[in-house]
Amino acid sequence: MKTKFFILSFIMMTGMISAQVNFNTSFHSIDTNGPLGECILPMNEEDDVFFSDVIECKGSSIEKIMLAVQNWLAFQQMDANLEVKDKYAGQNLLQFKGKLPIGKKFIGTPAAATFVELNWETSISDVEFICRVEVKDEKFRYTFKNFETDRWMIRGDGEGSGPSNQIHWQRVNSLTNERDRYSPSSKRYTEKDNAIKMEWAAYQMEAEMINEMVNSLRECCKEKVMEFDF
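Student: Describe the environment of Thr190, and please don't skip the residues or the numbers.
Tutor: Along the chain, Thr190 turns up in helix 5 (residues 187-218). Note on Thr190: relative accessible area 39%, which makes it partly exposed. Distance from Thr190 to Arg179, taken between C-alpha atoms, is 7.9 Å for residues eleven residues apart in sequence.

Student: Just give me the short version of the packing of aromatic side chains, but keep the residues and values in it.
Tutor: Under the definition given, this model contains nine aromatic pairs. Ring centres of Trp72 and Phe96 lie 6.4 Å apart, and the angle between their planes is 40°; this geometry places the pair in the tilted category. Linking Trp72 in helix 2 (residues 62-79) with Phe96 in strand 3 (residues 93-102), this pair joins segments that are 24 residues apart in sequence. An aromatic cluster of three or more residues is present, and its members are Phe51, Trp72, Phe96, Phe129, Tyr142, Phe144 and Phe147. The ring of Trp152 has Arg171 sitting right over it, with the charged end atom 5.2 Å from the ring centre.

Student: Report on the nonpolar core, specifying residues and quantitative values.
Tutor: Counting 34 residues, the largest nonpolar core has Phe140 and Phe144 as the members making the most contacts within it. Sorting elements by how many residues they give to this core places helix 2 first, with seven residues. What Phe144 contacts, discounting residues up to four positions off in sequence, is Val49, Phe50, Phe51, Trp72, Phe129, Ile130, Cys131, Met213, Val214 and Leu217. Ranked by size, the runner-up nonpolar core spans eight residues in total, among them Trp152, Ile154, Val172 and Leu175.

Student: Give a description of the pattern of salt bridges that names residues and reports values.
Tutor: Under the criterion given, the structure shown has 14 salt bridges. For the salt bridge of Arg151 with Glu206, the shortest nitrogen-to-oxygen distance reads 3.0 Å. Of this pair, Arg151 sits in strand 7 (residues 139-151) while Glu206 sits in helix 5, and the two are 55 residues apart along the sequence. The two residues Arg151 and Glu206 agree in class, both being buried. Linking Arg179 and Asp180 is a salt bridge whose minimum nitrogen-to-oxygen distance equals 3.1 Å. Judged by its relative accessible area of 47%, Asp180 falls in the partly exposed class. In this structure, a network of salt bridges that share partners links the residues Arg151, Arg171, Glu199 and Glu206.

Student: Could you give an account of a negative patch on the surface, with specific residues and numbers?
Tutor: Together, Glu56, Glu63, Asp137 and Glu138 make up a region of like negative charge exposed at the surface. Within the secondary structure, Glu63 sits in helix 2. What makes Glu63 exposed here is its relative accessible area of 54%.

Student: Account for the side chain of Glu206, with residues named and values stated.
Tutor: For Glu206, a relative accessible area of 1% puts it in the buried group. If we ignore the near neighbours within four places in the chain, the residues touching Glu206 are Ile102, Ser125, Val127, Thr149 and Arg151.

Student: Residues and numbers for the packing of helix 4 (residues 164-179) against helix 5, please.
Tutor: Between two packed helices, what matters for the description is the angle formed by their axes and the separation of those axes. The geometry of helix 4 relative to helix 5 is characterised by a closest axis approach of 9 Å and an angle of 170° between their N-to-C directions. One element, helix 4, and the other, helix 5, form an angle in the roughly antiparallel class. Residues Ser164, Asn165, His168, Trp169, Arg171, Val172, Leu175, Thr176, Glu178 and Arg179 of helix 4 pack against Tyr189, Lys192, Asp193, Ala195, Ile196, Glu199, Trp200 and Tyr203 of helix 5.

Analysis parameters
Residues numbered from 1 in each chain as written. Predicted model: local features only at pLDDT ≥ 70, side-chain atom pairs only at ≥ 80, totals over all residues. Heavy atoms only, no water. Helix = DSSP H or I, 4+ residues; strand = E, 2+ residues; numbered from the N terminus. Buried < 20%, exposed > 50% of the residue type's maximum accessible area, 1.4 Å probe, protein only. Phe/Tyr/Trp six-rings, centres within 6.5 Å; stacked < 30°, edge-to-face > 60°. Lys NZ or Arg CZ within 6 Å of the ring centre and 35° of its normal. Core = buried A, V, L, I, M, F, W, Y, C linked by side-chain atoms within 4.5 Å. Contact = heavy atoms within 4.5 Å. Salt bridge = Lys/Arg side-chain N within 4 Å of Asp/Glu carboxyl O. Patch = residues over 30% accessible without salt bridge, like charges linked within 9 Å, V, L, I, M, F, W, Y side chains within 5 Å. Areas by Shrake-Rupley, 256 points an atom, 1.4 Å probe, with all protein chains shown as cover. Lys, Arg positive; Asp, Glu negative; His and termini not counted. Charge placed at Lys NZ, Arg CZ, Asp CG, Glu CD. Axes fitted to C-alpha atoms, helices over the stretch in contact; angles between N-to-C directions. Parallel < 35°, antiparallel > 145°, perpendicular 65-115°, else oblique.

Listed below in structure tokens is the structure:
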């Protein structure tokens, strides 16, 4: 009995230790409520947003590349307000879960509802993902995966969050279906049409910031000339 208990305890402890280093990579898709149209974020064979490549860093050691990658991450946290959790940094490996806030908007409550008018700043949307960077002498491989976007709530069939490309089209398709119930000359048609334009603006902003983040990692080992204007 004691032997069985020891084996069970060992298995549980091993699983807990492993969970500290490896991420749960389970992912889900959603019904897009219509066709999945043009996607401006690249996808893999499973239709999930995915970035991966090997970057050559001629003449750079593992230590030098890891320092450049760590500096890249620190800059993203400071400059792009990237939120990082479950970070693991080893001798030749960096991985973490990130949340990238996209854009800014002000929301609030009317004074009639709370007797005090409240206003605060928030992001237009938030994009979560998993990043993994593996380093060897003179090169590193990066992988960004499991992208999920969280946007503002909308009325009707539009979802609030989901895989980045799919959630965009789910919301656009839902709004389009609702818009087309009305006459093009009606006020409701115009409201839904403007909402669709807002979705596209958010999608383009998300893609720009994600690509900027990925491209800055690709360039992290290149020498930079800093110019200061005092």
